[in-house]
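# An overview of the molecular structure
Residues per chain are reported as follows:
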Amino acid sequence: MKKTILGLLAFSMMSATALAADIEPAIIYDLGGKFDKSFNEAAYNGAEKFKAETGIEYREFEIANDAQREQALRRFARDGNSPIVMAGFNWAASLEKIAPEYPDTKFAIIDMVVDKPNVKSIVFKEQEGSYLVGVLAGLASQTKTVGFVGGMDIPLIHKFACGYVGGAKSTGDVTVLEAYTGTTPDAWNDPVKGGEITKSQIDQGADVIYHAAGGTGVGVLQAAADAGKLGIGVDSNQNMLQPGKVLTSMLKRVDVAVYDAFTAAKDDKFEFGVSNLGLKEDGVGYALDEHNKALITPEMLEAVEKVKADIIAGNLVVHDYMTDESCPY
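Residues numbered from 1 in each chain as written. Predicted model: local features only at pLDDT ≥ 70, side-chain atom pairs only at ≥ 80, totals over all residues. Heavy atoms only, no water.

## With respect to the overall build of the protein
When you go through the protein residue by residue, the secondary structure sums to eleven helices and twelve strands. Computed over the C-alpha atoms, the radius of gyration of the protein is 21 Å, within 12% of the 20 Å expected from 2.2 N^0.38 for a compact globule of 329 residues. In terms of overall dimensions, the protein has C-alpha extents of about 75 × 50 × 35 Å along its principal axes. Within the protein, the fraction of its 329 residues that count as buried is 53%. Contacts in the protein between residues far apart in sequence, at least 24 positions, make up 67% of those at least 6 positions apart. When the accessible area of the protein is evaluated, it comes to approximately 14500 Å², of which 53% is carbon and sulfur surface. Looking at the protein, you have 31 positive and 46 negative side-chain charges, and the mean spots of the two groups are 5 Å apart. (Helix = DSSP H or I, 4+ residues; strand = E, 2+ residues; numbered from the N terminus. Rg over C-alpha atoms; globule rule 2.2 N^0.38 Å. Buried < 20%, exposed > 50% of the residue type's maximum accessible area, 1.4 Å probe, protein only. Contact = heavy atoms within 4.5 Å. Areas by Shrake-Rupley, 256 points an atom, 1.4 Å probe, with all protein chains shown as cover. Lys, Arg positive; Asp, Glu negative; His and termini not counted. Charge placed at Lys NZ, Arg CZ, Asp CG, Glu CD.)

## Some points on the pairing of strand 3 (residues 84–87)
Of the two faces of strand 3, the one carrying Ile 84 and Met 86 and the one carrying Val 85 and Ala 87 are both buried. In terms of strand pairing, strand 3 meets strand 4 (residues 107–110) through four bridges, oriented parallel. Bridging from a neighbouring strand, Met 86 pairs with Ile 109 of strand 4. Read from strand 3 through helix 4 (residues 92–98) to strand 4, the crossover connection turns out right-handed. (Pairing = 2+ DSSP bridges. Right-handed = clockwise from strand over helix to strand, strands pointing away.)

## Some thoughts on the domain arrangement of the protein
Once the domains are mapped, the protein shows domain 1 (26–125 + 255–281) and domain 2 (126–251 + 284–323). For domain 1 versus domain 2, the separation of C-alpha centres amounts to 26 Å. Each side of the interface is counted separately: domain 1 has 18 residues, and domain 2 has 25 residues. Carbon and sulfur atoms make up 60% of the area that domain 1 and domain 2 hide from each other, which totals about 1700 Å². The interface formed by domain 1 and domain 2 contains zero salt bridges. At the junction of domain 1 and domain 2, the tally comes to nine residue pairs in polar contact (both at pLDDT 80 or more). Per-element accounting of the side of domain 1 that touches domain 2 gives the leading share, three residues, to helix 2 (residues 39–54). Each residue belonging to the side of domain 1 that touches domain 2 can be placed in one class, and the counts come to seven nonpolar, four polar and seven charged. (Domains from an automatic or database assignment. Buried area = accessible area lost by both parts, 1.4 Å probe. Salt bridge = Lys/Arg side-chain N within 4 Å of Asp/Glu carboxyl O. Polar contact = N/O pair within 3.5 Å; in protein donor to acceptor, adjacent residues only side chain to side chain. Nonpolar A, V, L, I, M, F, W, Y, C, P; charged D, E, K, R; others polar.)

## Quick word on the state of the cysteines
Following the criterion strictly, the structure yields one disulfide and no others. Here Cys 162 connects covalently by a disulfide to Cys 327, the sulfurs 2.1 Å from one another. Looking along the S-S bond of the Cys 162-Cys 327 disulfide, the torsion reads about 90 degrees, which is the right-handed sense. One end of the pair, Cys 162, is in helix 6 (residues 155–169); the other, Cys 327, is in the segment after helix 11 (321–324), and 165 residues separate them in sequence. Take Cys 162: its relative accessible area is 3%, and that puts it in the buried class. (Disulfide = S-S within 2.5 Å.)

## Describing the environment of Leu 139
Inspection of the secondary structure puts Leu 139 in helix 5 (residues 126–140). The class of Leu 139 is partly exposed, set by a relative accessible area of 33%. Look past the residues within four positions of Leu 139 in its chain and what remains in contact with it is Lys 144, Thr 171, Met 300 and Ala 303.

Next comes the structure, spelled out in structure tokens:
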């Protein structure tokens, strides 16, 4: 009997090892690099959490230009990596082409929908999280003028902007200044230009500036802090980048998306199709920690939590810019 039990235990351990060996996850970052303190770094953190908890290694690659996308994706698929997670909407065209070539490979793309049978598309309700930080910006502003600095001037980033405008204006007569750093992927990695736009908005009266600009946003937060104004971070918790000068950060749980994709593949529960993550799904939110708690008054906290509860309950619907590419606020 004892030999039977030991044999079963040994078989179970061998099966678990074999299962883990069958999982060869990979992640490919977007331009800006994995340590951009924002979107890519959130994806990296999710992969690192998976590795720490499971002991399963993953492959990764940081592209230097758009020409490398198709080559990197095909190489990982050809080498047998699965699932392969792509951080960013710019991977869509390459994935559309390559996914059919490798029908047994599991792919996941963040921030874009690719309608292929072996692709999981993970998108977020950025407008909901942006609405919340807009409420905080409107309540914190002394000048009743706040700013928004977007990276690439595309509909996805207009989702952030529109939600932010709606939240800020819901607090009263607030003016929102809006600008973008470019129309090419280089817009995500230009902190100097981000800082210049921020200074311009401050000169126009803005005293709280929210960025949705990837690595460019580091320059936004720096310029705001240098001028004695408040910044708002995005994607990752960026409160610690300028402690006491970042009002909050709009959390977009890219880390959770990567971690869940890897874990689902490991557990043989990987699902294809579209996942749309908002406040109700804990896909977006706002950051409150030791670095910004002194900036958020009890009244502000009560107000933003009420708005959050209303959105989750469906009592307040935040406009999704992507549905008609217009902003009603």
